[in-house]
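Read off the chains here:
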Amino acid sequence: MKARVHVMLKNGVLDPQGEAVRHALGALGFDGVTGVRQGKVIELDLADGATETDVAEMCEKLLANTVIESYQVEIL
Amino acid sequence: MRAAVVVFPGSNCDRDLAVAFSAAGAEVTMVWHKDNTLPEGVDIVGIPGGFSYGDYLRCGAIAAQSPICRAVKAHADRGGYVLGVCNGFQVLTETGILPGALLRNSGLKYICKTVDLKVETNQSAFTEGYDSGQVIGIPVAHHDGNYFADPATLAALNDQDRVAFRYVDNPNGAVEDIAGILSENRRVLGMMPHPERAADAGHGGTDGSAMFRGLAGALTAA
């Protein structure tokens, strides 16, 4: 089983990298972009028996810093 | 005063921190990230600056899960003193010993320069060598020093007089210009600027020396 974890800065937390990407897109002539948020994707190869609950616990303990980040788990 | 300085793979201010503690009269032991315990009788643990574990995942995130950090957490829970500088501050927030988090600098650039800090409180062993309101020059060197905490945490930090230092001219976007904070029992200090880089007249001033002298005074008497 594989799991894909999406980690994003929470709404309201400033994302200066996303802002820089938005500016760069504007400089390339893409005027239609009003906001960019940049996150990360972590793919996990899971042994038999690992559950979505385990992955959520991994997110809480390590993969995301829940002070500033939110996460979503996708089981593939 | 007996001090222990933690060394992670990628730490690069560990020796500077050890020298600053020694200059204040401390007996210093270096401890390795794989160690499970701190040396017997340690009064204060220093968590140095650098790029522990290459800053992988998030700054300080992997270090926070290392064996030595469990010992540091137990030491803090027992009421022991901890000083985390720069990456050490990031490690302390990642372990949950201090609240909040350090985000990428708002200007996206790595900043390496001496900045003015206002000492917000001298009510701690770390800051008793200063006057509240005093302005000191301490170097910063970081890419992720933009302190963030939610409004409830900020209110608690302010109400409990736990903001130790604020930037006079905020270099990194930190909320409320916060450069360093204390734990509830005032025995853990995390700060982005490097006091150990301002503890020798030959190297960038001596405004940081009072912190190590103050600690030596407080912890030797205790």
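Predicted, not measured: the structure shown is a model, and the values here were computed from it.

Would you take a moment to explain the overall build of chain B for this structure?
The helix and strand inventory of chain B stands at five helices and 11 strands. A compact globule built from 222 residues should have a C-alpha radius of gyration of about 17 Å, and chain B, at 15 Å, falls within 12% of that. Judged by the C-alpha coordinates and their principal axes, chain B covers about 40 × 40 × 35 Å. Expressed as a percentage of the 222 residues in chain B, the buried residues total 55%.

Explanation requested: the pairing of strand β2 (residues 27-32) of chain B in the structure shown.
On a regular strand, one side chain projects to one face of the sheet and the next to the other, so that they alternate. Residue and element names in this part refer to chain B. Of the pairings in the sheet, the one linking strand β1 (residues 2-7) to β2 comprises six bridges and is parallel in character. Pairing of Val7 across the sheet is with Trp32, part of β2. Handedness of the β-α-β unit built from β1, helix α1 (residues 14-23) and β2 comes out right-handed.

Is there a simple way to explain the sheet that holds strand β4 (residues 81-85) of chain B in this structure?
The pairing of strands in a sheet happens through backbone hydrogen bonds and is either parallel or antiparallel. Residues and elements named next belong to chain B. Taken together, the nine strands give an open sheet; going across it, the order is β2-β1-β3-β4-β11-β10-β9-β6-β7, and neighbouring strands pair in mixed fashion. Here the strands that pair on one side only, and so sit at the sheet edges, are β2 and β7 (135-142). Across the sheet, the mean angle from the axis of one strand to that of its neighbour is 20°, orientation sign disregarded. In this structure, strand β10 (residues 178-182) lies alongside strand β11 (residues 188-191), joined through three bridges in antiparallel fashion. Each residue of the ladder has a partner; that of Gly180, found in β11, is Met191. Contacting β1, β2, β3 (44-47), β4 and β11, helix α2 (residues 67-77) runs over the sheet at an angle of about 130° to β4.

So what exactly am I meant to see when it comes to the pairing of strand β1 (residues 2-9) of chain A here?
All names here are of chain A. As paired elements, β1 and strand β2 (residues 40-45) share six bridges and run antiparallel to each other. If you follow Lys2 over to β2, its bridge partner there is Asp45. Taken together, the seven bridges between β1 and strand β3 (residues 69-75) define a ladder with antiparallel strand orientation. Directly across from Arg4, in β3, lies its bridge partner Glu74.

Would you explain unusual backbone geometry in this entry?
Residues and elements named next belong to chain B. Even without being glycine, Tyr53 reaches a positive phi, approximately 50°. Here Tyr53 shows up in the loop between β3 and α2. The class of Tyr53 is buried, set by 21 C-beta atoms lying within 10 Å. In the Ramachandran plot, Leu108 falls in the positive-phi region, its phi being about 70° despite a non-glycine side chain. Within the element layout of this structure, Leu108 appears in the loop between β5 (101-103) and β6 (111-119).

I keep staring at the interface of chain B and chain A and nothing clicks. Help me out?
When the parts come together, some accessible area is lost, and that loss is often what is quoted as the size of the interface. Opposite the 12 residues of chain B that make contact, chain A presents nine residues. The residue inventory of the side of chain B that touches chain A, partitioned by class, reads five nonpolar, four polar and three charged.

Conventions and cut-offs
- Residues numbered from 1 in each chain as written.
- Chains lettered and ligands numbered in written order.
- Predicted model: local features only at pLDDT ≥ 70, side-chain atom pairs only at ≥ 80, totals over all residues.
- Helix = DSSP H or I, 4+ residues; strand = E, 2+ residues; numbered from the N terminus.
- Rg over C-alpha atoms; globule rule 2.2 N^0.38 Å.
- Buried ≥ 20, exposed ≤ 12 C-beta atoms within 10 Å, placed from the backbone.
- Pairing = 2+ DSSP bridges.
- Right-handed = clockwise from strand over helix to strand, strands pointing away.
- Axes fitted to C-alpha atoms, helices over the stretch in contact; angles between N-to-C directions.
- Contact = placed C-beta atoms within 7 Å.
- Nonpolar A, V, L, I, M, F, W, Y, C, P; charged D, E, K, R; others polar.

Distances and angles like these do not, on their own, reveal function.
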